[in-house]
Amino acid sequence: MNWILMPYLNCPEMTRQAIEDCLAQTLPIHLLLLDNGSQPEGRELANEYMRRDSRVLAWHHDPPLPSLSAVWNRALRFVWEAGGEHAWVVNNDARFHLATYEVLLAVQLVNLRGRHLEL
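Residues numbered from 1 in each chain as written. Predicted model: local features only at pLDDT ≥ 70, side-chain atom pairs only at ≥ 80, totals over all residues. Heavy atoms only, no water.

Draft legend 1. Here's a closer look at the sheet that holds strand β4 (residues 86–89). Strand order in the open sheet formed by four strands is β3-β2-β1-β4, with parallel pairing between adjacent strands. One side of each edge strand has no neighbouring strand; the edge strands of this open sheet are β3 (56–60) and β4. When the angles between neighbouring strand axes are averaged without regard to direction, this sheet yields 20°. One ladder, built from seven bridges, connects strand β1 (residues 2–8) with strand β2 (residues 29–35); its direction is parallel. The residue bridging Leu5 from the neighbouring strand is Leu32, located in β2. The sheet strands contacting helix α2 (residues 40–52) are β1, β2 and β3, and the helix crosses β3 at an angle near 155°. (Pairing = 2+ DSSP bridges. Helix = DSSP H or I, 4+ residues; strand = E, 2+ residues; numbered from the N terminus. Axes fitted to C-alpha atoms, helices over the stretch in contact; angles between N-to-C directions. Contact = heavy atoms within 4.5 Å.)

Quick look at the structure:
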């Protein structure tokens, strides 16, 4: 399974746009939203998506974990232990083309095989 991990802290409108981009990816995905101490509006945003879409899972760290790297490490450990094959960590203040994950995996595969990718 292809996982997308999105740590966030507040900024609900930007986070909403990034979530929509992730859910629109051309590959089947699971999205793990990592709330590291948001205000109630940020917490509810994640809960709303989790209720609406079975591909979304939300974690709320309250109190927050001590660092962003701690958030990443805990989430990546979960993905690998759950049998995930790939994980893409994204920022909540970015926008993504709907084929971004697919292209990243294609480039990775080509690099692993030692070939050049022609786009």
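Draft legend 2. Looking closely at the nonpolar core. Judged by nonpolar contacts, the single largest core of 21 residues is most densely connected at Ile4, Met6, Ile19, Leu31 and Leu33. For this core, the secondary-structure elements that each account for two or more residues are β1, α1 (12–23), β2, α2, β3 and α4 (100–113). Element by element, the count of residues in this core is highest for α1, at four residues. Excluding anything up to four places from it in sequence, Leu33 contacts Met6, Tyr8, Ile19, Ala46, Tyr49, Val56, Leu57, Ala58 and Trp59. With nine residues, the next largest nonpolar core counts Trp3, Leu34, Ala75 and Val79 among its residues. (Core = buried A, V, L, I, M, F, W, Y, C linked by side-chain atoms within 4.5 Å. Buried < 20%, exposed > 50% of the residue type's maximum accessible area, 1.4 Å probe, protein only.)

Draft legend 3. How the structure looks around the pattern of salt bridges. Applying the stated rule across the entire model yields eight salt bridges. In this structure, Glu48 engages Arg52 in a salt bridge whose closest nitrogen and oxygen atoms are separated by 3.0 Å. Taken as a pair, Glu48 and Arg52 lie in helix α2 at a separation of four residues, close to a single helical turn. Exposure remark for Glu48: the relative accessible area of 22% places this residue in the partly exposed category. Put simply, Asp53 and Arg55 hold a salt bridge, and the shortest N to O gap is 2.8 Å. A cluster of three or more residues bridged by salt bridges with shared partners is formed by Glu13, Arg16, Glu20, Glu48 and Arg52. (Salt bridge = Lys/Arg side-chain N within 4 Å of Asp/Glu carboxyl O.)

Draft legend 4. Structural detail: the packing of aromatic side chains. Applying the stated rule across the entire model yields four aromatic pairs. An angle of 85° between the planes, with centres 5.5 Å apart, marks the rings of Trp3 and Phe78 as edge-to-face. Taken together, the residues Trp3 in strand β1 and Phe78 in helix α3 (residues 68–81) connect sequence positions 75 residues apart. With a relative accessible area of 8%, Trp3 lands in the buried category. Aromatic pair Trp59 and Phe78: ring centres 5.2 Å apart, planes at 70°, arrangement edge-to-face. Placement of the pair is Trp59 in strand β3 and Phe78 in helix α3, with a sequence separation of 19 residues. (Phe/Tyr/Trp six-rings, centres within 6.5 Å; stacked < 30°, edge-to-face > 60°.)

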